[in-house]
Amino acid sequence: MGDTSEFSLSIRLFLKAYRWRRIDPVPNAPLRKPLAGSRLALVSTAGMVAPGQKPFDDTVKGGDWSFREIPADIDPQTLIDTHRSESFDHTGLAADANLGFPIDRVRELAATGRIGSVNHRHLSFMGSITAPGRLLKETAPEAARVLVEDEVDVALLVPV
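Computed from a predicted model, the values in this text were never measured in an experiment.

**Student:** I would appreciate a short explanation of the packing of aromatic side chains in the present structure.
**Tutor:** Aromatic ring pairs are reported here in terms of the distance separating the ring centres and the angle at which the planes meet. According to the stated counting rule, one finds 1 aromatic pair in the structure shown. A ring pair is formed by Phe67 and Phe125, whose centres lie 5.4 Å apart and whose planes are at 40 degrees; its orientation type is tilted. With Phe67 in strand 3 (residues 67-71) and Phe125 in strand 6 (residues 121-125), this residue pair connects regions lying 58 residues apart in the sequence. Classification of Phe67 as buried rests on a relative accessible area of 16%. Here Arg68 stacks its cationic end above the ring of Phe56, 4.2 Å away from the centre of that ring.

This is the structure we're talking about:
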């Protein structure tokens, strides 16, 4: 496991001064049926967009709180990394988008019967949102509505 010494001075200073939010207890919902009968959707903070979609806006102070719908049949090689963070090396994502948006792995889980099905759409968010108020008040409820509308049983959260 790495430590903060791997980051640039500006990132280390930012992390030291940042007012971290604490959510206690962490909200969750129990799984109501076996995974083998569940519909799964990816929810990633890799900042990936599909071809033709508007990139995440890296000029928004505090971070772009919107999300993009990614179709289940996307070729992961066509996904575009628009993540604004300089605190990690993007080389791995460029080589294999599955590192931040593991759609091929999810398809494998469905093909082997480990999960029931793959939802027809998935959600991509921008990570590194330092001012999450609008995300919590506006975007998260809309994202939850989308997943409920699609009758998703399991959301696989992929933090980047």
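**Student:** Is there a simple way to explain the environment of Ser5 in this structure?
**Tutor:** Locating Ser5 in the fold gives a position in the segment before helix 1 (9-17). The exposed category is assigned to Ser5, whose relative accessible area is 55%. With 76 residues separating them along the chain, Ser5 and Asp81 place their C-alpha atoms 25 Å apart.

**Student:** Even after reading the chapter, I still don't get the nonpolar core, so can you show me in this structure?
**Tutor:** When a protein is soluble and globular, its nonpolar side chains tend to lie buried together. In this structure, Leu42, Met48, Ile70, Ile74, Leu79 and Phe101 are the most contacted members of the largest nonpolar core, which totals 16 residues. Looking at this core, the elements with two or more residues in it are strand 1 (39-44), helix 3 (103-111) and strand 7 (154-158). Residues Val43, Phe67, Leu147 and Val152 belong to the second largest nonpolar core, which totals 11 residues.

**Student:** I would appreciate a short explanation of the side chain of Thr139 in the present structure.
**Tutor:** By secondary structure assignment, the location of Thr139 is in helix 4 (residues 133-149). In this structure, Thr139 is in contact with Trp65, Ser66, Phe67, Phe125 and Arg134, ignoring residues within four places of it in sequence.

**Student:** Just to check I follow, could you spell out the pattern of salt bridges for this structure?
**Tutor:** In the structure shown here, the tally under the stated rule is 9 salt bridges. Residue Asp64 is joined to Arg68 by a salt bridge in which the shortest nitrogen-to-oxygen separation is 3.9 Å. Looking at Asp64, the relative accessible area reads 9%, which means it is buried. Judged by its relative accessible area of 11%, Arg68 is buried. For Glu142, the salt bridge is made with Arg145, and the minimal N-O distance between the two is 2.6 Å. Of this pair, Glu142 and Arg145 are both found in helix 4, 3 residues apart, which corresponds to roughly one turn of the helix. The structure contains a network of salt bridges with shared partners spanning Glu69, Arg121, Glu142, Arg145, Glu149 and Asp150.

**Student:** Sorry, what's going on with unusual backbone geometry here?
**Tutor:** Comment: phi is negative for the bulk of residues other than glycine, and the bulk of peptide bonds are trans. In this structure, Ser128 takes a positive phi of about 60 degrees despite not being glycine. With respect to the secondary-structure elements, Ser128 resides in the loop between strand 6 and helix 4. Judged by relative accessible area, Ser128 falls into the partly exposed class, the value being 33%. A positive phi angle, near 55 degrees, is found at Glu151, a position not held by glycine. Judged by its relative accessible area of 58%, Glu151 is exposed.

**Student:** When you look at helix 4 in this model, what are you seeing that I'm missing?
**Tutor:** Side chains three or four residues apart in an α-helix point the same way, a direct result of the helix having 3.6 residues per turn. In this model, helix 4 (17 residues) spans 24 Å end to end at C-alpha, consistent with the 24 Å of a helix rising 1.5 Å per residue. The sharpest bend along helix 4 comes to roughly 40 degrees, located at Thr139, with the proline Pro141 sitting one to four residues further on. Along helix 4, the residues classified as buried are Leu135, Thr139, Ala143, Val146 and Leu147. Contact partners of the buried residues in helix 4: strand 1, strand 3, strand 6 and strand 7. Of the residues one or two after helix 4, Glu151 is the one with positive phi, at around 55 degrees.

What counts, and where the lines are drawn
- Residues numbered from 1 in each chain as written.
- Predicted model: local features only at pLDDT ≥ 70, side-chain atom pairs only at ≥ 80, totals over all residues.
- Heavy atoms only, no water.
- Phe/Tyr/Trp six-rings, centres within 6.5 Å; stacked < 30°, edge-to-face > 60°.
- Helix = DSSP H or I, 4+ residues; strand = E, 2+ residues; numbered from the N terminus.
- Buried < 20%, exposed > 50% of the residue type's maximum accessible area, 1.4 Å probe, protein only.
- Lys NZ or Arg CZ within 6 Å of the ring centre and 35° of its normal.
- Core = buried A, V, L, I, M, F, W, Y, C linked by side-chain atoms within 4.5 Å.
- Contact = heavy atoms within 4.5 Å.
- Salt bridge = Lys/Arg side-chain N within 4 Å of Asp/Glu carboxyl O.
- Expected span 1.5 Å × (residues − 1).
- Bend = angle between axes of the 7 residues up to and from the residue.

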